[in-house]
Structure formats: structure tokens, C-alpha cells
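Next come the chains, spelled out residue by residue.
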Amino acid sequence: FYMDSTEVTQADYLAVTGANPSSFTGDLNRPVEMVTWFDAVLYCNARSKRYSRDTCYTYTSIADTAFSGCSNLANIALDTSKKGYRLPTEAEWEYAYRAGTTTSYCWGRNYPLNSGGQTKAVAGKKPNMFGLYDMSGNVNEWVHDWWAITYTSGAQTNPTGPVSAAYGIYRLSRGGSWGYD
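Residues numbered from 1 in each chain as written. Predicted model: local features only at pLDDT ≥ 70, side-chain atom pairs only at ≥ 80, totals over all residues. Heavy atoms only, no water.

## Focus: helix 1 (residues 10-17)
- Taken together, the buried positions of helix 1 are Gln10, Tyr13, Val16 and Thr17. Viewed along the axis of helix 1, the buried residues span an arc of 140°, placing them on a single side of the element.
- On its buried face, helix 1 is in contact with helix 2 (37-50). (Buried < 20%, exposed > 50% of the residue type's maximum accessible area, 1.4 Å probe, protein only. Helix = DSSP H or I, 4+ residues; strand = E, 2+ residues; numbered from the N terminus. Arc of directions from axis to C-beta. Contact = heavy atoms within 4.5 Å.)

This is how it looks when you write it as C-alpha cells:
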């Protein structure tokens, strides 16, 4: 899989969607924030179309405002055989985040104690060994998977979490952010 070297900037999001739902405006090189998981999926499909790639997600209808507060995509499905933009799985994100290391952090973080209470322009800290910026800070990053309390103790390859009424109703985000360590 491939991953962008920075978070999606407000400029990129605006160019693809025509919207900028961010609270921290004034510098379009800041990461876009205030997007729902569904907005992120819509962005992936819109970006795929913009660059003449396959769309990876299908759905039958959109609830609320696309790109600025979408609250549901009915019958959402991901086709990983498509060659377009999509959210990484949690396992893919962690692989990219760790960049061959086994330590918790290998570069500086942007979190509440050093962020000044707001996002910063992307790529302001050193990249990890894969050349990826801001993986542990600036904004949380959506991944494709469902949230799970625990995984089984056995070996797993790229688990996606359960879809259950009790806990599997929330999508995951990873990394630290300007407002949460």
C-alpha cells in the first residue's frame, strides 16, 4: 500500500471537495480537521475520481452534508481490489507509523503541551524513517477499521474489528493530536 507523506491539508481537501470544515483556518497548509469518518471516505472517492483512479468505496445514500458533517453512508462497502484512494487499515497505519521500529515514538509529537492549543502546518516535525510526517501528532487520523475492546490473543493478519451493537459501532482514529495525547 501507499500512504501520503503528510496529513491531508486544508488546501488539498478544499481543492477536491470545495469545502473546508476546519476550525483552525488562516493557513491552508494546516491539516483539515473536523471531518467525520464518512467525510474522509467521501474525500477518498472524490480524490480517486479527480486523478482518474477507481473508487474503493460504494454506498447507496449520504446522510447530512457531504464533506462537512456527513453522518452516514448507507450500505457502505470497501473493495480493496480497486486501485484508488482509501483509508488505511489500523494494521497498515501502525506499520507506517512504526517505520521499522518497535519503540513508542521515534520523533517529536504535537500534542496539547506543545501545540499551543491548535493544529500546525503539516510536516513541521521530522518525518519517521519511511518519510511520513505527523503520524503521532497534529490531528488524529481516521483508519478504516471498527473499534474493538480487545482482539483475540492469537496471531492475526490485518484484523478489522467486529461490527457489533455493543462496541463495533465506532470507527477508529490513530495518532495523537493538538488536543489529545
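## Some details on the layout of surface pockets
- Estimates place the volume of the largest pocket at around 1200 Å³.
- Lining the largest pocket we find 38 residues, and of these Asp4, Cys44, Arg86, Leu87 and Pro88 sit closest to its centre.
- Looking at the lining of the largest pocket, the elements that each hand over two or more residues are helix 2, helix 3 (90-98) and strand 5 (141-146). (1 Å grid on protein atoms, 1.4 Å probe; cavity = no way out; pocket = protein on both sides within 12 Å on 5 of 7 lines; lining within 4 Å. Points joined across faces, edges and corners; volume = space filled by probe spheres on them.)

## With respect to the confidence of the model for the chain
- When the pLDDT values of the chain are averaged, the result is 86; 85% of them are 70 or greater.
- At the low end of the mean pLDDT range in the chain sits strand 6 (residues 171-174), at 84; at the high end sits helix 1, at 98. (pLDDT = per-residue confidence, 0-100.)

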